[in-house]
Amino acid sequence: MNLLLSGAVILFACSFAGSPVAHPEMTPEVSATAAVPVGGAFLKFAGKFGGEITRKEIAEHQELSVDGCARGSRVTQFALDITQNGKTTSLQSDSGALTKAMLSKLRSLASGDSFEFRKTKAYVPEWKDTVDVQSKKFVVV
């Protein structure tokens, strides 16, 4: 009888303790939308890793940068997919700078349009090698 009573007391006491919950940054839903990825090189444009961007921020920036790897790393090539009014245009660059065509197209975007950098590569001088760079979609607000 004491064993049954002890079990009931323990069960009652445990009902007040919260169950273990993963840290919000560790859940898949949040990590997919996190501001900065975990591990590896990631692309930054206008100081951002994807997400919402204003037309002013687009107009003020003409180069891509890479973060999350050795100092001095630089973007060596990328493709830019621009979706404007439901139509997607793809442009290429063999450097970390946006071409005149890219700049013109980006500056013509309106709220709700989007763009994404793909096939991005960066040279890491410390390793004397080229690595893939992660990126996320930007949406104009």
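Residues numbered from 1 in each chain as written. Predicted model: local features only at pLDDT ≥ 70, side-chain atom pairs only at ≥ 80, totals over all residues. Heavy atoms only, no water.

J.: Could you give me a rundown of the environment of valine 139, with the residues and numbers involved?
T.: Structurally, valine 139 is set in strand 8 (residues 138–140). Take valine 139: its relative accessible area is 31%, and that puts it in the partly exposed class. Distance in space between the C-alpha atoms of valine 139 and glutamate 116 is 8.8 Å, their sequence separation being 23 residues. Not counting residues within four places of it along the chain, the set of residues in contact with valine 139 comprises Gly51, Glu52, Ile53, Gly112, Asp113 and Ser114. (Helix = DSSP H or I, 4+ residues; strand = E, 2+ residues; numbered from the N terminus. Buried < 20%, exposed > 50% of the residue type's maximum accessible area, 1.4 Å probe, protein only. Contact = heavy atoms within 4.5 Å.)

J.: Residue-level account of the confidence of the model for the chain, with values.
T.: Averaged over all residues, the pLDDT of the chain equals 84, while 74% of them reach at least 70. When the criterion is pLDDT under 50, residues 22–34 qualifies, and its contacts beyond four places in sequence or with other chains add up to 8 contacts. (pLDDT = per-residue confidence, 0-100.)

J.: Give a description of the pairing of strand 5 (residues 87–93) that names residues and reports values.
T.: Two elements, strand 4 (residues 74–84) and strand 5, share 7 bridges in a ladder whose sense is antiparallel. Along strand 5, the bridge assignment pairs alanine 79 with glutamine 92. The hairpin turn running from strand 4 into strand 5, its antiparallel successor, is 2 residues long, and asparagine 85 in that turn takes a positive phi close to 55°. (Pairing = 2+ DSSP bridges.)

J.: Describe the pattern of salt bridges, with residues and values.
T.: The final tally for this structure, using the stated rule, is 5 salt bridges. Across the pair aspartate 81 and arginine 118 runs a salt bridge whose closest N-O atoms are separated by 2.4 Å. Linking aspartate 81 in strand 4 with arginine 118 in strand 6 (residues 114–124), this pair joins segments that are 37 residues apart in sequence. (Salt bridge = Lys/Arg side-chain N within 4 Å of Asp/Glu carboxyl O.)

J.: Break down the environment of aspartate 94 for me, with residues and values.
T.: With respect to the helices and strands, the residue aspartate 94 is situated in the loop between strand 5 and helix 4 (100–107). Residue aspartate 94 is classed as exposed on the basis of its relative accessible area of 73%. The spacing of aspartate 94 and glutamine 77 is 17 residues in sequence and 4.3 Å in space, taken between C-alpha atoms.

J.: With reference to specific residues and values, describe the side chain of serine 73.
T.: With respect to the helices and strands, serine 73 occurs in the loop between strand 3 (65–67) and strand 4. Accessibility expressed as a relative area gives 13% for serine 73, which makes it buried. Within polar-contact distance, the side chain of serine 73 engages the backbone oxygen of alanine 70 at 2.6 Å. Not counting chain neighbours up to four residues away, the residues in contact with serine 73 comprise Val66, Tyr123, Val124 and Pro125. (Polar contact = N/O pair within 3.5 Å; in protein donor to acceptor, adjacent residues only side chain to side chain.)

J.: Just give me the short version of the side chain of aspartate 81, but keep the residues and values in it.
T.: Aspartate 81 gets classed as buried once you look at its relative accessible area, which sits at 17%. Within the local environment of aspartate 81, its side chain forms a polar contact with the side chain of serine 90, the two groups lying 2.8 Å apart. Here arginine 118 takes part through its side chain, which lies 2.4 Å from a polar atom of the side chain of aspartate 81. Ignoring any residue separated from it by four or fewer positions in sequence, one finds aspartate 81 in contact with Thr88, Thr89, Ser90, Ser114, Phe115, Glu116 and Arg118.

J.: If you had to explain the environment of lysine 137 to someone new, which residues and values would you point to?
T.: By the element assignment, lysine 137 lies in the loop between strand 7 (129–132) and strand 8. With relative accessibility at 46%, the residue lysine 137 sits in the partly exposed group. Taking C-alpha positions, lysine 137 is 7.4 Å from phenylalanine 117, a pair spaced 20 residues apart along the chain. Excluding residues within four positions of it along the chain, lysine 137 makes contact with Gly50, Gly51, Ser114, Phe115 and Glu116.

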